[in-house]
Amino acid sequence: MLHEFSYVIPREKKEILTLLKNLKGKARVLAGGTDLMVDIRAGKEKPEIIVDVKGIEDFQGVAFDAKGSLAIGSTTTCRQLMQNKILRQKFPIIVDAAGRIGSPQLRNRATIGGNICTASPCADLGTALLALNAEVEVASIDGVRTLPLREFYIGVKKTQLREFEIVQRIIIPNNMAGAKYGMEKLKRIKGHDLALASVVMIKTESVLRVAIGSCAPTPIALKEFPADVQLKMICEEARKMIDPIDDIRASKDFRAFMVQEFVERLFKKLQ
Amino acid sequence: MKIKVKVNGKEYFKDVSGNKTLLRFIREDIGLTGTKEGCGAGECGACTVILNGETVNSCLVLAAEADGGDIETIEGESENGKLSKLQEAFQKHHGVQCGFCTPGMIMSIKALLKKNPKPTEHEIKEAIEGNFCRCTGYKQIIEAVRAATGQLKRQEELRHV
């Protein structure tokens, strides 16, 4: 039995922003619910009010903006990402990463905004978005601010999002369209499982970008390399930047070893 | 709040509290107890139902979120006491042992077959990756789906009996 809370489903964005401002932390935003509902059941979250934002048009859709960057509405589900034509053609890494999350049932509900707001260190989609140098567009009644995803993440399941704010879109810079990519994820079983370590590599004509999951308090991005970077440089940087934990699922050493292995594999693949 | 849903083709108007999950709504308010609660955290898939054509873990969905929706559960499978083709194949190929995972398993496969009437073994495995079965080891379940879709060779029939 879940604790008592009320459920509201606002009709427009402004109503949500006003609610969040007035409720001062008593409300939680609900999109797919695949993380929030689990936390409520476990007693980790005790909101008095749940604000369902799935129906709001401002948070939906995948489209290029005036500058040619791609804007993805925060309530777009993994299933919608996997089926989206633009993404399949220009950003297959997002389709690939979305398809690695959870199970079909979870992918039918889980959203891209929820994935980054949960800020799990092993987020598949978050790691891919970091490699793409994505930005997060955050709205509140006071206005809109945009910040890089790497700054949005601040710790294990912690983000810069304030209690009266909501993520409305995720922006992928235009130079990433059509980039070559590779993704490696280490897990215990083939199906539904969390990453023990994961690496995403993206290569355009001019730059090479790497992001690593499950090896630090948040998914991390390495500094941007030129496209002709040597493998040794990436391996060194990866070794320096990661700080994996020892736990029941994998040791620190094993995770670190697999990151090196994955970086090497992906580097060769993208040559 | 008042919600209106269709469950297995039948319309219901019900008053639900904000904190009621779709799973509890189906079991307690509609009285259909075929859908099970396993982990309650979106891991095991025992609570899988089809909501507006897509499978969901009904333990992670609020009944209020399903307002206006079309829900399919295991009770909608058989007609006038006659098992569906898929249910019959599960029975014949021993895809059911304790039976706890079966309602969710059938819902995941039903959703798969609607989009893909002749799935490969790999596609069947992918479709049920969110449904745990701790009895059968999955082999009989996959065999049942292949049989129900006319893909089982004769010598393979009843391999596990």
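Going by the structure above, here's the rest.
Residues numbered from 1 in each chain as written. Chains lettered and ligands numbered in written order. Predicted model: local features only at pLDDT ≥ 70, side-chain atom pairs only at ≥ 80, totals over all residues. Heavy atoms only, no water.

Asks: Explain the interface of chain B and chain A here, please?
Replies: Buried accessible area, meaning the area lost when the parts come together, often serves as the stated size of an interface. With 31 residues of chain B at the contact, the number on the chain A side is 27 residues. When residues of chain B are sorted by the area they lose upon contact with chain A, Asn19, Leu60 and Glu129 of chain B head the list and together hold 28% of the total. Ionic pairing is found between Glu65 of chain B and Arg109 of chain A, a salt bridge with its closest N-O pair at 2.9 Å. Counting the contacts that link chain B with chain A gives twelve residue pairs in polar contact (both at pLDDT 80 or more). Sorting elements by how many residues they give to the side of chain B that touches chain A places strand E4 (residues 54-57) of chain B first, with four residues. Of the residues belonging to the side of chain B that touches chain A, the class tally is twelve nonpolar, twelve polar and seven charged. (Contact = heavy atoms within 4.5 Å. Buried area = accessible area lost by both parts, 1.4 Å probe. Salt bridge = Lys/Arg side-chain N within 4 Å of Asp/Glu carboxyl O. Polar contact = N/O pair within 3.5 Å; in protein donor to acceptor, adjacent residues only side chain to side chain. Helix = DSSP H or I, 4+ residues; strand = E, 2+ residues; numbered from the N terminus. Nonpolar A, V, L, I, M, F, W, Y, C, P; charged D, E, K, R; others polar.)

Asks: I tried to follow the packing of aromatic side chains on my own but got confused; where do I start?
Replies: The way to describe two aromatic rings as a pair is by their centre distance and the angle between their planes. Residues and elements named next belong to chain A. Considering all chains together, one arrives at one aromatic pair over all chains under this definition. The interplanar angle of 55 degrees and the centroid separation of 6.5 Å between the aromatic rings of Phe152 and Tyr153 together place this pair among those described as tilted. As far as burial versus exposure is concerned, Phe152 and Tyr153 are alike and both buried. Directly above the ring of Phe164 sits Lys21, whose terminal nitrogen or CZ lies 4.2 Å from the centroid. (Phe/Tyr/Trp six-rings, centres within 6.5 Å; stacked < 30°, edge-to-face > 60°. Buried < 20%, exposed > 50% of the residue type's maximum accessible area, 1.4 Å probe, protein only. Lys NZ or Arg CZ within 6 Å of the ring centre and 35° of its normal.)

Asks: Looking at this structure, how should I read the sheet that holds strand E1 (residues 6-8) of chain A?
Replies: In a beta sheet, neighbouring strands pair by backbone hydrogen bonds and run either parallel or antiparallel. Residue and element names in this part refer to chain A. Across the sheet, which stays open at both edges, the three strands sit in the order E1-E3-E2 with parallel pairing between neighbours. Either end of the sheet is taken by a strand with one partner, and the two such strands are E1 and strand E2 (27-30). In this sheet, neighbouring strand axes are inclined to one another by 25 degrees on average, regardless of whether the strands run parallel or antiparallel. Pairing of E1 with strand E3 (residues 49-52), which is carried by three bridges, proceeds in the parallel orientation. Bridge pairing in E3 links Ser6 to Ile49. (Pairing = 2+ DSSP bridges. Axes fitted to C-alpha atoms, helices over the stretch in contact; angles between N-to-C directions.)

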